[in-house]
Amino acid sequence: MTTMTEAAALPLNRVLPGDCIEVMATLPEASVDLIFADPPYNLQLRGDLRRPDNSRVDGVDDAWDSFASFDAYDRFTRQWLSAARRLLKPDGAIWVIGSYHNIFRVGAALQDQGFWILNDVVWRKTNPMPNFRGKRLTNAHETMIWAGRDQAAKYTFNYDALKALNDGVQMRSDWTLPICTGHERLRDEDGDKAHPTQKPQSLLHRVLVGSTNPGDVVLDPFFGTGTTGAVAKMLGRDFIGIERDEGYRRAAEARLADVRRFDATALQVTTGKRAEPRVPFGQLVERGMLRPGETLTGPRGQTARIRADGTLVADRITGSIHQVGAALDGAPSCNGWTYWSFQREGQRVPIDILRQQIRAELA
């Protein structure tokens with residue numbers, strides 16, 4: 001979550017003109033929660049690409065995608081990744097998307113810079129462009145690399161939200177989504193694509209729901225026509241876009257002006273127990289909710305007494321609520337929170353009730 005001081009220093013919810021490396025150098029260090037980067041692919045195209053009817057394919061042949069050599073592309077990649085890593089908070093993360101032309105070179109550069117790769121995600125396109133020359137397999141996917149700022153980063157991962165988004169099934173690392181077409185595809189005054197590689201909102205929706213929280217700052221150093229910003233705005237995240245092409249900036253700004261943020265209730269997502277605050281059993285003892293010497297009862301009448309340091313003792317067995325429960329059952333492990341109960345007014349009450357009371361206070 002961005003503090004008020006950080007927010008004052010950051011050009012939030014704006015599209016900044018200029019070269020991404022130069023612009024990133026002007027932003028404050030450790031100020032961004034997530035970076036989504038869609039850098040040039042360096043496609044190395046030679047000549048026009050045409051369909052069987054000889055019509056020209058509207059592919060990527062712009063100057064921004066041209067590099068003199070692999071060495072030149074690698075230098076560019078190292079420079080923008082270094083600038084990006086400086087901007088990430090200690091627990092920040094980055095997503096980079098690319099094709100087979102560049103993603104392997106980017107992946108190596110990420111590791112060389114100190115990023116810690118968490119997943120590579122295959123975006124499988126339901127409607128890919130055909131291979132018109134018929135000399136290779138149809139290129140039907142792109143690869144995204146998700147990486148923490150470093151190995152120790154406590155990055156955001158909304159596991160339960162992505163599971164809910166996937167109809168209750170754990171989200172996998174292969175995502176089947178359509179490319180940007182139809183009403184979502186931005187067009188210029190002549191009816192042509194405003195940007196040759198505009199990403200679909202569905203892709204960014206999944207990325208931002210899964211790896212950011214409302215109020216986070218998302219930086220896109222290759223903003224293009226603004227898909228990252230549009231989705232961030234809808235989902236209650238702040239964004240910073242950097243784009244050197246004036247035409248793309250105009251398209252992005254017009255697009256963003258029409259985007260409305262979802263209401264606060266709609267921005268809430270499913271969370272699981274792993275997202276809840278940790279409450280040690282000893283805290284129940286410290287707060288007088290349970291007292292030293294009080295007896296806890298297991299599911300089959302097993303008993304143990306509470307000690308002043310929050311451990312239990314039963315039949316010469318001492319340890320945590322989990323260790324003692326497991327030892328009494330001869331089991332390899334035990335969830336002590338659901339195993340033990342205490343007596344109140346003649347009723348057995350699970351100790352987990354007290355933990356939930358403390359969590360409600362913390363929330």
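Structural data are supplied above this passage.
In this report, we go over the structure that sits alongside the text. (Residues numbered from 1 in each chain as written. Predicted model: local features only at pLDDT ≥ 70, side-chain atom pairs only at ≥ 80, totals over all residues. Heavy atoms only, no water.)

### Topic: the overall build of the protein chain
What counts, and what does not: In DSSP terms, a helix is any run of H or I states spanning at least four residues, a strand is any run of E spanning at least two, and both are numbered starting from the N terminus. The contact definition used throughout considers only heavy atoms, calling two residues in contact when any of these lie within 4.5 Å. Here the Shrake-Rupley method, with its probe set to 1.4 Å, supplies the accessible areas, and only the displayed protein chains count as covering residues.
Tallying secondary structure elements over the protein chain gives 13 helices and 14 strands in all. Residue pairs at least 24 apart in sequence account for 68% of intrachain contacts in the protein chain once pairs closer than 6 positions are excluded. Summed over its atoms, the accessible surface of the protein chain is roughly 19200 Å², and 48% of this surface lies on carbon and sulfur atoms.

### Structural notes on the pattern of salt bridges
How we decide: Only one rule defines a salt bridge in this text: a Lys or Arg side-chain nitrogen within 4 Å of an Asp or Glu carboxyl oxygen. Burial classification: accessible surface area is computed with a 1.4 Å probe over protein chains only, and a residue below 20% of its type maximum counts as buried, one above 50% as exposed, and the rest as partly exposed.
What the rule picks out here adds up to eleven salt bridges. Glu246 is the partner of Arg250 in a salt bridge, and the nearest nitrogen-oxygen pair spans 3.2 Å. One end of the pair is Arg250 and the other is Glu246, both in helix 8 (residues 246–257) and four residues apart, which spans about a single turn. For Asp352, the salt bridge is made with Arg355, and the minimal N-O distance between the two is 2.7 Å. Residue Asp352 and its partner Arg355 are located together in helix 13 (residues 352–362), separated by three residues, close to a single helical turn. In terms of burial, Asp352 and Arg355 fall into one category: buried.

### Observations concerning the environment of Ala140
Structurally, the position occupied by Ala140 is in the loop between strand 4 (116–125) and strand 5 (141–148). Here Ala140 falls in the partly exposed class, since its relative accessible area comes to 24%. Put simply, Ala140 and Pro130 are ten residues apart on the chain and 8.4 Å apart in space, counted from C-alpha to C-alpha. Not counting residues up to four positions away in its chain, the partners in contact with Ala140 are Trp123, Arg124, Lys125 and Pro128.

### Some thoughts on helix 6 (residues 201–211)
Across the eleven residues that make up helix 6, a large majority, eight, are buried. Among all positions in helix 6, only Leu203, Leu204, Arg206, Val207, Leu208, Val209, Gly210 and Ser211 are buried.

### Quick word on helix 13
Definition in use: This arc describes the spread of directions from the helix axis toward the C-beta atoms.
Residues of helix 13 that are buried: Asp352, Leu354, Arg355, Ile358 and Arg359. Each buried residue of helix 13 sits inside an arc of 155 degrees when the element is viewed along its axis, so together they form one side. Seen from the buried face of helix 13, the exposed residues on the opposite side, beyond 90 degrees, are Ala360 and Glu361. Elements in contact with the buried residues of helix 13: helix 10 (281–286), helix 12 (336–339), strand 13 (341–344) and strand 14 (347–350).

### Focus on the packing of aromatic side chains
This is how it is decided: Here a pair means two rings of Phe, Tyr or Trp (six-membered ring of Trp) with centres within 6.5 Å. Their orientation is stacked below 30 degrees between planes, edge-to-face above 60, and tilted elsewhere. By the criterion adopted, a ring carries a charge over it if an Arg CZ or a Lys NZ lies within 6 Å of its centre and within 35 degrees of its normal.
Across all of its chains, the model carries 13 aromatic pairs by this definition. Summarising the aromatic geometry, the rings of Phe67 and Tyr73 are spaced 4.9 Å apart at their centres and angled 90 degrees between planes, so their arrangement reads as edge-to-face. Both rings, one in Phe281 and one in Trp337, keep their centres 6.1 Å apart while their planes meet at 65 degrees; by these two values the pair is edge-to-face. You can see Phe281 sitting in helix 10 and its partner Trp337 sitting in helix 12, a full 56 residues away along the chain. Judged by its relative accessible area of 6%, Phe281 falls in the buried class. Accessibility expressed as a relative area gives 6% for Trp337, which makes it buried. Here the aromatic residues Trp95, Trp146, Tyr155, Phe157, Tyr159 and Trp175 are joined through ring pairs into a cluster of three or more. The ring centre of Trp123 lies 5.1 Å from the NZ or CZ of Lys125, which sits over that ring. Residue placement shows Arg206 over the ring face of Trp175; its charged tip is 5.0 Å from the ring centre.

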